[in-house]
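Coordinate inspection notes
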Amino acid sequence: MQNIFAYLQCRQSDYHLALDLIREEFAPDLNSMEVQDPVKLEENRKAAADLFIKSHEERRLQSAEGYTPEQTSAASDALKYYNKLVQQDFDHLRKTMVAEAEKLAGRYLLFLLLLLDLRRYAASERESRLERGRTTGTGPDEQNWLSNRVLQILEKNKTLQTEAIRQNLNWKVDEDFVRELYRDVLQRDEAYQEYLKMGQPDFDADQKIVLHVVKKIFFKHELVESFMERQDIYWSENREVLKSMVQRTVKELTPESDSNVELAVLSVNWEDDREFFIDLYKLTIQKEPDFEELIASKSKNWDVERLALLDKIILMMALCEMINFASIPVKVTINEYIELSKRYSTPKSKIFVNGILDVLSVELQEKGIIRKSGRGLIDNK
C-alpha cells in the first residue's frame, strides 16, 4: 500500500517536472542577442502545456491539430520526459517493495540477537564491577539475566547462529546504540530491576521478563523507535509484524526446547507471496482508471479530489485482489482492507470502504467479473 501511495505521489511530482520543462523551453533567453517576444513565448508555453496536459494520462501524444510544430515538439519532449520519470519511479518502488519485505526476516533475527547482546552487556558490566572490587552500592546483581533460560535457548539455536553468520547479522556497527539501550533503558527499567532481585526465578519468570523487554522496550521505547525509523523507512508498518514474530518466538519456548527449536518465518512460501505482492502492485496501478470508474459509480457525489487518497488506494487494491486473484475469498479481501482503512486512514473510512466493497463485490460477481475458484471456494461465490 505504501508503495502505491509513494508511486502516486511521485507521479504527481513528475507531472509538475514535465510542465517545468515546457516552462524552461519557452523562458526568455537572457543571453540572446535577438529580440524576443515575451507575449509569444507565453502563448507557446500555454499551448504546449495544454497539449501535454491532454496527453499525459494516456501517456502518448494526442491530436496536435491546431498547435504549431514548436508547441507540439515541446509537448512531445515533456511527455517523453514524464513517461521516463514515471517508469523509473514505478520500477524503483517495485524493487524497493520486494527488498524491504525481504529485509523483515533479517530484522526479526536481529531483534533476537539484540536480546543476546543485552545479555552480553550485562556480563561485561558485572565483570567490570567485580574487577574493580565493587560489590555494594551498584544495584541488584545481573546473574538472573545472565542465567535466563530463554536467552540460553536462543543463544544455542542453530538456525539463529547459522543465519547470523550467513547474512552477517550483528550489532557491531551499532555498538553505541546497544550500550545506550542497556545502560540508559534496561538497567533503569523497574520490571528488570525486580527480576534481578528474585531469588531463583523459574522458567515462567525468565520468559515473562524477556517478553517485557520485547514489548515495552524493543517495540515501544522512544530510543528504539528513533533508531529503527532511521533504519527502516517502513518502520511504522513493519513494527507490528516484527513485534508479533519476536513475541511468538519467545512465547513458544518451553523448558524442554533445544537448539533445534524452529524460529518464526515471514512466509511459508516466500516465492509465491513475492509474486503476489508484485502482481498486486502492478495490476492496481495499471488498472487505476478502471477501478476509479467503478468506485465513482457507487460513490454519491464522488470527486477524486475529495476522496482521501489512502481510501482510494485501499479500494483499488481490494478491487484488484477480488478480480485478479481467484483463490482469495471475497470476504477475506473485504475484511483485510477494512482493517487497513481502520489503521491507516480516517475515522470514517471503515464505513465508506466497507459500503463500497460490499456493493461492488456483489455486482461484479453477478456480472462474472469476479470469479472465485479453489479449495473451499465455489465459482462466483
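Treat the numbers as computed from the prediction; the structure is a model and nothing was measured.

Here's the deal with the overall build of the chain
- Regarding its fold elements, the chain presents 16 helices and zero strands.
- Its C-alpha atoms give the chain a radius of gyration of 29 Å, more than 25% over the compact-globule value 21 Å for 381 residues.
- Considering only C-alpha atoms, the chain reaches an extent of 90 × 70 × 40 Å along its principal axes.
- Residues classed as buried in the chain amount to 44% of the 381 residues present.
- Total accessible area on the chain is roughly 21,700 Å²; 49% of this is exposed by carbon and sulfur atoms.

A word on the packing of helix 3 (residues 69-131) against helix 11 (residues 235-251)
- At a minimum axis separation of 10 Å, helix 3 and helix 11 run at an interaxial angle of 55 degrees. Between helix 3 and helix 11, the angle falls in the class oblique. Where helix 3 crosses over helix 11, the handedness of that crossing is right-handed. Judged by residue contacts, Leu 104, Arg 107, Tyr 108, Phe 111 and Leu 112 of helix 3 engage Trp 235, Asn 238, Leu 242, Met 245, Val 246 and Thr 249 from helix 11.
- Tallied by class, the residues present in the contact of helix 3 with helix 11 amount to eight nonpolar, two polar and one charged.

A word on the state of the cysteines
- Counted under the stated rule, the structure contains zero disulfides.
- Just so you know, Cys 10 is unpaired, no disulfide at all, and the nearest cysteine sulfur is the one on Cys 320, 20 Å from it.
- In this structure Cys 10 comes out as partly exposed when scored by relative accessible area, which is 25%.
- Residue Cys 320 is classed as buried on the basis of its relative accessible area of 0%.

Quick notes on the nonpolar core
- One finds Phe 111, Trp 145, Leu 181 and Phe 218 to be the most contacted residues of the largest nonpolar core, which totals 54 residues.
- Counting residues per element, this core draws most heavily on helix 3, at 13 residues.
- In contact with Trp 145, other than residues within four places in its own chain, are Leu 115, Leu 118, Arg 119, Ala 122, Leu 151, Leu 186, Tyr 192, Tyr 195, Leu 196, Ile 209, Val 210 and Val 213.
- The next biggest cluster of nonpolar side chains, apart from the first, holds 53 residues, and it includes Leu 19, Leu 41, Ile 278 and Leu 315.

Structural notes on the environment of Leu 17
- Mapped onto the fold, Leu 17 is located in helix 1 (residues 2-25).
- What makes Leu 17 partly exposed here is its relative accessible area of 38%.
- Residues Leu 17 and Glu 155, spaced 138 residues apart in sequence, show a C-alpha to C-alpha distance of 53 Å.

Some words on helix 10 (residues 222-231)
- Inspection of helix 10 places Leu 223, Val 224, Glu 225, Phe 227 and Met 228 among the buried residues, and these make up the whole buried set.
- Next to the buried residues of helix 10 lie helix 3, helix 7 (175-185), helix 9 (203-218) and helix 11.

Focus: the side chain of Arg 45
- Relative to the assigned elements, Arg 45 resides in helix 2 (residues 38-55).
- A polar atom in the side chain of Arg 45 sits 2.7 Å from the side chain of Glu 42.
- Among all residues touching Arg 45, those that are not within four sequence positions of it are Ile 22, Arg 23 and Phe 26.

Quick word on unusual backbone geometry
- The backbone phi angle of Arg 59 is positive, close to 60 degrees, even though this residue is not glycine.
- Position of Arg 59 relative to the elements: it lies in the loop between helix 2 and helix 3.
- A relative accessible area of 31% places Arg 59 in the partly exposed class.
- The phi dihedral of Asn 168 is positive, around 55 degrees, even though this residue is not glycine.
- Along the chain, the position of Asn 168 falls in the loop between helix 6 (158-166) and helix 7.

What counts, and at which threshold
Residues numbered from 1 in each chain as written. Predicted model: local features only at pLDDT ≥ 70, side-chain atom pairs only at ≥ 80, totals over all residues. Heavy atoms only, no water. Helix = DSSP H or I, 4+ residues; strand = E, 2+ residues; numbered from the N terminus. Rg over C-alpha atoms; globule rule 2.2 N^0.38 Å. Buried < 20%, exposed > 50% of the residue type's maximum accessible area, 1.4 Å probe, protein only. Areas by Shrake-Rupley, 256 points an atom, 1.4 Å probe, with all protein chains shown as cover. Axes fitted to C-alpha atoms, helices over the stretch in contact; angles between N-to-C directions. Parallel < 35°, antiparallel > 145°, perpendicular 65-115°, else oblique. Left-handed = near helix turned anticlockwise from the far one by under 90°. Contact = heavy atoms within 4.5 Å. Nonpolar A, V, L, I, M, F, W, Y, C, P; charged D, E, K, R; others polar. Disulfide = S-S within 2.5 Å. Core = buried A, V, L, I, M, F, W, Y, C linked by side-chain atoms within 4.5 Å. Polar contact = N/O pair within 3.5 Å; in protein donor to acceptor, adjacent residues only side chain to side chain.

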